[in-house]
Amino acid sequence: MSTDTTTIETADQTGPSRRSFMKWSTAFGGAAALSGTLGHGLIRARAEEQPTGDATVFRTANTPECLHCAMLVHVEDGQVAKVTADPDFHIRACARGISRRQQLYSPYRLQHPLKRVGERGSGEWEQISWNEALDTIAEQMEKIRDESGNQAFLPLGGTGNWSSLSTGVSGLFAAFWNRFGGATPTISSLCCPNVTEGFNAMLGGRRSEFREEWIHSKYFIAWGNNPAVSNVGYFKNIVRAQKENGARLVTIDPRFSETAGFSDTYLPIRPGTDVALALGMANVIISENLHDVPYLKEFTNAPFLVRLGENGTRLEDLDTDWTLGGPLPIDLKDLELLSDPAPSEDESPTFYVWDEEAEEHVPADTEGVSPALNGTYEIDGVIYQTVHEWMTWIASRYTPSKVEALTDIPAGTMQSIAREYAVAKPATIILNMSGAQRTDHGTLTVLSQIYLSALTGNIGTLGGGINDNGGVNQLHTIGSPVPLQDVPAIDPIPQTAVAKYLLEDKPHKIRMVYVAGTSVMTQHPDTNSMIKAFQRLDFVVVQDQFMTTTAKWADIVLPVTTIFETPNLLAGIRNRHVQIMEQAIEPLFESRSDHWILTELAKRLGFGEAFDRPVDELFRNVLEPIGIDLEDVKKGPVNVLPTPWIPFENKDFTTPSGRIEFFSTYLQDKGFEPMLDYQEPVEAPWVDEELAEKYPLMLVNRRNHNQVNSSFNHHEHLLEMWPGQVAQLNARDAQSRGIKDGDMVTVKNDRGEVEAMANVTHKIRPGVVSLMTGWGITNEKENASLLTPSKLEPISLGQTLNSSLVEVSLRD
């Protein structure tokens with residue numbers, strides 16, 4: 001063991017050269033370059049070294065927050081010779097998966113446990129033994145717990161390895177902290193809390209993923225997301241539907257994305273105005289009688305009776321004058337459904353409709369009722385309307401001309417899309433944790449898309465509805481590998497506001513942070529505030545394969561194995577299949593698995609017996625609530641959902657009414673407006689004109705082919721596609737700033753600045769600049785999170801990274 005002070009080498013990513021930029025800009029700048037590759041993994045990695053003899057083949061899977069593709073590992077002479085896609089799996093692994101051999105043999109891998117010897121963040125380390133590392137961590141944990149209790153710990157596990165014996169959903173990392181007696185939990189999420197709250201509000205929760213069933217769709221709207229990149233393995237199903245069903249594809253995005261290149265119609269929307277566009281479409285659908293009346297009456301609360309205030313009002317008496325983006329003349333929080341309270345906690349309230357035949361109000365579940373969908377009714381001197389009447393009134397304000405003024409989408413185009421979508425069943429809106437919902441009012445964006453899908457009767461149909469990501473969790477509970485215990489409740493911290501809460505000691509002081517499976521500095525908002533927060537902590541541990549920009553701020557860094565060096569199980573929320581991950585080779589260097597590390601720590605802290613178990617026993621604990629046998633999983637991936645899969649097929653919505661709720665009792669109970677209306681972004685040029693004087697460009701983040709969040713930044717072949725951070729900006733904006741294609745630029749605001757290379761293009765709307773999210777794990781100056789705000793979406797507490805203002809200038 002060396003005791004010399006050492007500076008750990010990291011990947012040399014100071015940005016691409018102009019020559020390399022021109023090479024990959026030409027190759028990958030246009031969507032046409034992707035044609036013909038989508039069914040086979042989208043941009044192959046350079047061929048790996050070919051085996052020279054008989055190879056032993058092992059099963060594994062790609063475990064970050066992507067598509068969880070099945071892969072085969074070919075081993076010769078104790079080394080991984082190559083990785084290939086499993087030909088029997090329903091989708092083919094892309095370049096990110098089959099290039100993981102480069103992660104295994106990367107010269108930048110951490111090889112030994114390290115202890116900080118200089119100032120935190122200085123990059124000065126001392127190599128230490130595993131015993132010293134684990135003893136030090138255990139001693140610090142016991143000391144902090146004795147002095148400050150379990151609430152003083154904040155574990156941050158991420159999506160870099162979503163397998164069961166790592167940081168996966170219900171995984172071993174969570175079980176460790178449970179058996180420790182608890183720690184400060186996080187609420188909300190970095191990816192999709194707005195989706196969660198939107199589904200909670202209108203559908204009662206759950207998820208709605210049906211990518212295999214896209215082949216049945218006749219119309220697709222890729223709304224604020226880019227499935228040609230983020231759902232590359234499934235994009236073949238859209239192409240097939242286009243060929244076999246004549247399906248049309250519409251892309252709504254400020255960028256002309258890869259998906260836009262395959263689309264029939266492209267709408268370059270003004271960022272943050274998606275709800276206005278959706279309400280304009282709803283206005284067209286309702287006013288032209290294109291909505292599904294029988295569906296709305298039977299499966300939604302559109303017929304329910306509602307009043308404004310105690311005595312109600314007539315809609316024709318309300319002020320109809322409307323300023324673009326301005327509020328309604330009334331407060332939607334003052335709306336109340338006509339209902340009787342639930343008799344008990346196990347029962348639901350009674351909601352009322354107007355029976356057109358009986359001409360009186362009756363409970364909505366009355367047998368043989370003929371509910372009115374529209375109308376105003378007086379009941380005991382109080383004026384009521386149906387929920388649908390209120391929906392119609394709100395949507396009627398979003399005329400084609402007003403929507404065009406808000407969104408920059410031509411009125412005629414909006415009307416055409418609305419009509420096409422309404423009559424083409426089944427129709428799919430691809431939500432997929434979109435960038436459009438990572439905004440100041442992202443939950444409303446999700447609600448607006450559910451509105452459209454429900455209005456047209458698409459939810460619960462084969463190949464129709466709202467498509468979000470989901471997996472095993474759509475139907476099953478994923479078990480914990482270690483049985484959990486009851487622990488005292490501890491007040492949580494929003495995952496999207498970790499830096500702010502650490503700096504303000506909210507809801508209590510955190511003394512230790514333990515990071516595994518994520519890069520906090522690149523994935524969480526407002527990196528500079530996060531650095532300040534880490535500098536205040538007593539103790540930081542990072543468990544990773546590389547010296548990342550997060551590990552740089554740790555006190556102890558632990559080297560973790562790759563997917564090839566340890567057995568594991570993948571039962572996750574991004575694929576319907578449960579997959580075995582076999583150990584293919586022995587761990588390299590002194591790297592150890594998450595399972596080994598957590599077990600050794602648990603032993604030192606007095607609860608190691610539950611963790612020091614055969615892996616098959618831990619796997620069976622995970623599989624038991626799913627209802628499948630480990631022996632079957634060892635034979636190959638097991639699909640645990642019915643085929644075909646139709647989310648909400650039985651219309652079993654777990655809302656209080658048992659229906660899709662356009663009037664959301666969930667939002668009402670949380671103190672928010674129970675019905676949808678557009679709200680202006682907080683950080684936008686036409687809203688905050690003073691800020692826009694300094695920072696006139698709207699920032700939107702994008703994903704690319706060669707990474708998932710902050711994973712895969714060390715794969716040399718993938719870096720040939722995108723070798724560094726790239727800022728896309730419109731040619732008009734570039735010209736006014738003296739910026740040329742390939743120039744090195746600075747993107748900045750009051751929160752920080754990012755170094756990037758300029759991609760000057762007409763494939764992004766004027767006034768918008770785009771950066772690659774998750775970049776900067778090796779070169780902190782390329783980290784887009786330096787610019788993202790700490791302000792939260794009010795309903796979900798989600799991050800608002802796509803509601804940011806910036807300026808771009810030539811780098812000095």
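What you see is a predicted model; the values in this text were computed from it and never measured. (Residues numbered from 1 in each chain as written. Predicted model: local features only at pLDDT ≥ 70, side-chain atom pairs only at ≥ 80, totals over all residues. Heavy atoms only, no water.)

Observations concerning the environment of valine 487
Step number 1: Assignment of secondary structure puts valine 487 in the loop between strand 20 (465-467) and strand 21 (493-494).
Step number 2: When the C-alpha atoms of valine 487 and asparagine 178 are compared, they prove to be 7.0 Å apart, with 309 residues separating the residues in sequence.
Step number 3: With residues near it in sequence (within four places) discarded, valine 487 still touches Asn178, Gly181 and Gly182. (Helix = DSSP H or I, 4+ residues; strand = E, 2+ residues; numbered from the N terminus. Contact = heavy atoms within 4.5 Å.)

What about the packing of helix 9 (residues 274-287) against helix 13 (residues 411-423)?
Step number 1: Where helix 9 contacts helix 13, the two axes come as close as 9 Å, and the packing angle between them is 65°. Helix 13 is crossed by helix 9, and the crossing has right-handed handedness. Contacts between helix 9 and helix 13 pair Leu277, Gly280, Met281, Val284 and Ile285 from the former with Met414, Gln415, Ile417, Ala418, Arg419, Tyr421 and Ala422 from the latter. (Axes fitted to C-alpha atoms, helices over the stretch in contact; angles between N-to-C directions. Left-handed = near helix turned anticlockwise from the far one by under 90°.)

Regarding the nonpolar core
Step number 1: Residues Ile221, Leu277, Trp390 and Met675 are the most contacted members of the largest nonpolar core, which totals 83 residues.
Step number 2: Once you skip the residues sitting within four places of it in the chain, methionine 675 turns out to touch Leu332, Leu335, Val387, Trp390, Met391, Ile394, Tyr451, Phe662 and Phe663. (Core = buried A, V, L, I, M, F, W, Y, C linked by side-chain atoms within 4.5 Å. Buried < 20%, exposed > 50% of the residue type's maximum accessible area, 1.4 Å probe, protein only.)

Remarks on the sheet that holds strand 17 (residues 376-379)
Step number 1: Spatially, the 4 strands line up as an open sheet ordered 13-12-18-17, and their pairing is antiparallel. With one partner strand each, in any of the chains shown, strand 13 (335-337) and strand 17 form the two edges of the open sheet. The sheet shows a mean angle of 40° between the axes of neighbouring strands, taken without regard to direction.
Step number 2: Examined bridge by bridge, strand 12 (residues 305-308) and strand 13 share 3 bridges and lie antiparallel to one another. By the bridge assignment for strand 13, leucine 308 is matched with leucine 335.
Step number 3: The sheet strands contacting helix 11 (residues 387-396) are strand 12, strand 13 and strand 18 (382-386), and the helix crosses strand 18 at an angle near 75°. (Pairing = 2+ DSSP bridges.)

Overview of the sheet that holds strand 19 (residues 427-430)
By definition, the strands of a sheet pair up through backbone hydrogen bonds, in either a parallel or an antiparallel sense.
Step number 1: Strand order in the open sheet formed by 5 strands is 11-10-9-19-20, and the pairing between neighbours is parallel. The open sheet terminates on both sides in strands that have one partner only, identified here as strand 11 (265-267) and strand 20. Adjacent strand axes in the sheet meet at a mean angle of 20°, parallel and antiparallel pairs treated alike.
Step number 2: Most of the contacts of helix 8 (residues 235-245) go to strand 10 (residues 248-252), to which it runs at about 130°, and overall it touches strand 9 (219-223), strand 10 and strand 19.
Step number 3: Here helix 9 sits on the sheet and contacts strand 9, strand 10 and strand 11; the angle it forms with strand 9, its principal contact strand, is near 155°.

Comments concerning the packing of helix 4 (residues 130-148) against helix 18 (residues 594-605)
Step number 1: Direction vectors running N to C along helix 4 and helix 18 enclose 55°, while the axes themselves pass 10 Å from each other. If you check the angle between helix 4 and helix 18, you find them oblique. The two elements helix 4 and helix 18 meet at a crossing, and its hand is right-handed. Along its contact with helix 4, which presents Trp130, Asn131, Leu134, Asp135, Ile137, Ala138, Met141 and Glu142, the element helix 18 presents Trp596, Ile597, Glu600, Leu601, Arg604 and Leu605.
Step number 2: A per-class count over the contact of helix 4 with helix 18 returns 9 nonpolar, 1 polar and 4 charged. (Parallel < 35°, antiparallel > 145°, perpendicular 65-115°, else oblique. Nonpolar A, V, L, I, M, F, W, Y, C, P; charged D, E, K, R; others polar.)

A look at the side chain of histidine 90
Step number 1: Position of histidine 90 relative to the elements: it lies in the loop between strand 4 (79-85) and helix 2 (95-98).
Step number 2: Judged by its relative accessible area of 19%, histidine 90 falls in the buried class.
Step number 3: A polar atom in the side chain of histidine 90 sits 2.9 Å from the side chain of tyrosine 234.
Step number 4: Beyond its immediate chain neighbours, meaning those up to four positions away, histidine 90 contacts Glu212, Tyr234, Lys236, Asn575 and His577. (Polar contact = N/O pair within 3.5 Å; in protein donor to acceptor, adjacent residues only side chain to side chain.)

Considering the environment of glutamate 582
Step number 1: Among the structural elements, glutamate 582 can be located in the loop between strand 26 (577-581) and helix 18.
Step number 2: The spatial distance from the C-alpha of glutamate 582 to the C-alpha of leucine 569 is 8.4 Å, given a sequence separation of 13 residues.
Step number 3: Those residues within four positions of glutamate 582 in sequence are excluded, and the remaining contacts are Phe58, Arg59, Ile563 and Thr566.
Step number 4: Within the local environment of glutamate 582, its side chain forms a polar contact with the backbone nitrogen of arginine 59, the two atoms lying 2.7 Å apart.

Quick word on the side chain of threonine 496
Step number 1: Inspection of the secondary structure puts threonine 496 in the loop between strand 21 and helix 15 (498-504).
Step number 2: Contact partners of threonine 496, with chain neighbours within four places excluded, come to Ser188, Ser189, Leu190, Pro525, Leu792, Leu797, Gly798 and Gln799.

Topic: the packing of aromatic side chains
Step number 1: According to the stated counting rule, one finds 21 aromatic pairs in the structure shown.
Step number 2: Centre to centre, the rings of phenylalanine 173 and tyrosine 514 are 5.8 Å apart; their planes meet at 55°, and the pair counts as tilted. Taken together, the residues phenylalanine 173 in helix 5 (residues 172-179) and tyrosine 514 in strand 22 (residues 512-516) connect sequence positions 341 residues apart. You'll find phenylalanine 173 and tyrosine 514 in the same group, each marked buried.
Step number 3: Here the aromatic residues Phe153, Phe173, Phe176, Trp177, Phe180, Tyr514, Phe607 and Phe611 are joined through ring pairs into a cluster of three or more.
Step number 4: In this structure, arginine 207 is placed above the aromatic ring of phenylalanine 199, and the distance from its NZ or CZ to the ring centre is 6.0 Å. (Phe/Tyr/Trp six-rings, centres within 6.5 Å; stacked < 30°, edge-to-face > 60°. Lys NZ or Arg CZ within 6 Å of the ring centre and 35° of its normal.)

Some details on unusual backbone geometry
Step number 1: At the junction of lysine 425 and proline 426, the peptide bond is cis and its omega measures out at -5° in the coordinates.
Step number 2: Within the secondary structure, proline 426 sits in the loop between helix 13 and strand 19.
Step number 3: Geometrically, the link from lysine 506 to proline 507 is a cis peptide bond, its omega value of -10° lying close to zero.
Step number 4: Counting through the fold element by element, proline 507 comes out in the loop between helix 15 and strand 22.
Step number 5: Residue aspartate 380 is not a glycine yet carries a positive backbone phi of 55°.
Step number 6: The backbone of phenylalanine 648 shows a phi angle near 60°, a positive value even though the residue is not glycine.
Step number 7: In this fold, phenylalanine 648 is placed in the loop between strand 27 (638-639) and helix 21 (665-669).

Describing helix 14 (residues 442-455)
Step number 1: The first and last C-alpha atoms of helix 14 sit 20 Å apart over 14 residues, in line with the 20 Å expected at 1.5 Å per residue.
Step number 2: Of all the 14 residues making up helix 14, 14 are buried; the element is thus mostly covered by neighbouring parts of the structure. (Expected span 1.5 Å × (residues − 1).)

Quick notes on the pairing of strand 4
Step number 1: Counting buried residues in strand 4 gives 5 out of 7 residues, a clear majority hidden from the surface.
Step number 2: Sheet topology note: the strand 3 (residues 70-76)/strand 4 ladder contains 6 bridges and is antiparallel. Looking at the pairing, valine 73 lines up with valine 83 of strand 4.
Step number 3: Linking strand 3 to strand 4, which pair antiparallel, is a turn of 2 residues; within it aspartate 77 sits at a positive phi near 55°.

Some words on the state of the cysteines
Step number 1: Within the structure shown, the criterion is met by 0 disulfides.
Step number 2: With no disulfide partner, cysteine 94 has as its closest neighbouring cysteine sulfur the one in cysteine 69, 6.3 Å distant. (Disulfide = S-S within 2.5 Å.)

Focus: the pattern of salt bridges
Pairs can form between side chains of opposite charge once their charged atoms are near each other.
Step number 1: Applying the stated rule across the entire model yields 40 salt bridges.
Step number 2: Where glutamate 126 meets lysine 115, a salt bridge forms, and the shortest distance between an N and an O atom there is 3.6 Å. Of this pair, glutamate 126 sits in strand 6 (residues 124-127) while lysine 115 is found in strand 5 (residues 114-116), placing the two residues 11 residues apart along the sequence.
Step number 3: Take glutamate 126: its relative accessible area is 16%, and that puts it in the buried class. (Salt bridge = Lys/Arg side-chain N within 4 Å of Asp/Glu carboxyl O.)

Regarding the environment of serine 809
Step number 1: Within the secondary structure layout, serine 809 lies in strand 33 (residues 804-810).
Step number 2: Considered as a pair, serine 809 and leucine 797 are 12 residues apart in the sequence and their alpha carbons are 32 Å apart.
Step number 3: Once residues within four sequence positions are removed from consideration, serine 809 is found in contact with Ile739, Val745 and Thr746.

Note that all results are geometric; they support no functional claim without further evidence.
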